[in-house]
Amino acid sequence: RPNRLAKGLRSNKTGTIGVVVSDIANPFFASVVKGAEEAARQRGYSIILKDSDEDYEKEEEAIQVMLAEQVDGLLITPVQSSKETIERLARSGFAFVLLGRHFDDIETDYVVTDDVQGGFLATEHLISLGRKRIAMINGPLYISSAKERFQGYKKALEHYGIRLDRSIVKDGAVTTDDGYEISKALLNHESCLTGIFAYSDFVAFGAMRAIREAGLKIPDDIAIIGYDNIEFSSCLEVPLTTIEIPKQKLGSSAVRILDERTRDRKKDVLRSILEVNLIVRTSTTQIPHYAMQRRSTRR
């Protein structure tokens, strides 16, 4: 078998790509990595995977490990609570591509999805079903995807003449537990919700648990829509409507761009924005007549 280190000494390359994602326990990232691994293999690369667990210090540590392994380039889903590590990488000239998130004020290669459009599609779908009181359980707003999904949510409300109510927009949800705790608190103070748009399917799973514990029915009382279309979303007792991201394409596109960058460091910035799609399942329907009457009485 070829010796990777010996080969690297001859070619100044090791044939490896470092991949740093923010939560490998989330099936979304597993699918992204699968797409990246397949594309890397086709180009003669192997991958080394690290998980930052949405922790900036772990992200720094993971990147240092990758550089010590002398990888040819990096794919990174940045934590974004700080940007110093990414700024240093950008200044160094080392080849890397941001994956799923980006910085507006740092010139980097990246592959993302159209999250403004995704937020718009999700909110528009709920509005089209007669849902007007729509909460958003969002991720931290320093994350670019959360910020852009909120922009899409806001854009849809404005388009359909619905006033934005900041009291039913909650930030900071990343995990299922986050979705549960934030939704539980929201439902304790808000009796008139008809819809919830969640930052991710994982967050939506937590929100669905909170809705059930509140004695409400999905979708009769509250319709809910997630984001990512992970495999579990279609297997729930009430299958989850969601925004589908082309997860494997996200990974494979990032590898393609990284490969181009390693071959030509002087290329202009390489960026790709992938389209998203609405996947409708039974967690969203028109408001039943009896549910409208019950809500009217509750008011």
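To start, this report covers the structure provided alongside it. The structure presented is a predicted model; accordingly, all values stated were derived computationally and were not measured. (Residues numbered from 1 in each chain as written. Predicted model: local features only at pLDDT ≥ 70, side-chain atom pairs only at ≥ 80, totals over all residues. Heavy atoms only, no water.)

**A short note on the sheet that holds strand β5 (residues 109-113)**
Backbone hydrogen bonds are what pair the strands of a sheet, in a parallel or an antiparallel way. Ordered by their spatial adjacency, six strands build an open sheet running β2-β1-β3-β4-β5-β11, and the pairing between neighbours is parallel. Each of the sheet's edge strands pairs with one partner strand only, and the pair in question is β2 (46-51) and β11 (271-274). Pairs of neighbouring strands in the sheet enclose a mean axial angle of 15 degrees, with direction left out of account. Across three bridges, the pairing between strand β3 (residues 73-76) and strand β4 (residues 96-99) is parallel. Across the sheet, the residue bridging to L74 is F96, located in β4. (Pairing = 2+ DSSP bridges. Helix = DSSP H or I, 4+ residues; strand = E, 2+ residues; numbered from the N terminus. Axes fitted to C-alpha atoms, helices over the stretch in contact; angles between N-to-C directions.)

**Observations concerning the environment of K170**
In this fold, K170 is placed in strand β7 (residues 169-170). Along the backbone, K170 and S183 are 13 residues apart, and their C-alpha atoms lie at a distance of 8.7 Å. Apart from the residues lying within four places of it in its own chain, the contact partners of K170 are M136, I137, N138, I182 and L186. Here the side chain of K170 touches S167 through a polar contact of 3.2 Å, landing on its backbone oxygen. (Contact = heavy atoms within 4.5 Å. Polar contact = N/O pair within 3.5 Å; in protein donor to acceptor, adjacent residues only side chain to side chain.)

**Focus: the sheet that holds strand β6 (residues 134-137)**
On the basis of which strands lie adjacent, the open sheet formed by six strands has the order β7-β6-β8-β9-β10-β12 and mixed pairing. With partners counted over all chains shown, the strands left at the sheet margins are β7 and β12 (277-279), one partner each. Here strand β10 (residues 241-244) pairs with β12 via three bridges, running antiparallel. Bridged to E244 within β12 is N277.

**Brief notes about the pairing of strand β1 (residues 16-21)**
Burial analysis of β1 places six of its six residues in the buried class, the great majority of the element. The side-chain alternation of β1 yields two buried faces, one formed by T16, G18 and V20 and the other by I17, V19 and V21. Pairing geometry for β1 and β2, over six bridges, is parallel. Paired with V20 across the two strands is K50, which belongs to β2. (Buried < 20%, exposed > 50% of the residue type's maximum accessible area, 1.4 Å probe, protein only.)

**Brief notes about the pairing of strand β8 (residues 195-198)**
Along β8, one buried face is formed by G195 and F197 and the opposite face, lined by I196 and A198, is buried too. Pairing of β8 with strand β9 (residues 223-228) involves three bridges; the strand directions are parallel. Within β9, the position partnered with I196 by the bridge is I224. Note on the crossover from β8 through helix α8 (residues 201-213) to β9: the handedness is right-handed. (Right-handed = clockwise from strand over helix to strand, strands pointing away.)

**A closer look at the pattern of salt bridges**
Using the criterion set out here, one finds 16 salt bridges in the structure. One salt bridge in this structure joins R263 and D259, with 3.2 Å as the shortest N-O distance. Pair noted here: R263 and D259 are both in helix α9 (residues 247-263), with a separation of four residues, about one helical turn. For R263, a relative accessible area of 61% puts it in the exposed group. You can call D259 buried: its relative accessible area is 9%. Through salt bridges with shared partners, one network takes in R43, D259 and R263. (Salt bridge = Lys/Arg side-chain N within 4 Å of Asp/Glu carboxyl O.)

**Points about the side chain of D165**
Positionally, D165 belongs in the loop between α6 (144-159) and β7. D165 gets classed as buried once you look at its relative accessible area, which sits at 13%. Looking at D165, its side chain comes within polar contact range of the side chain of S167, at 2.7 Å.

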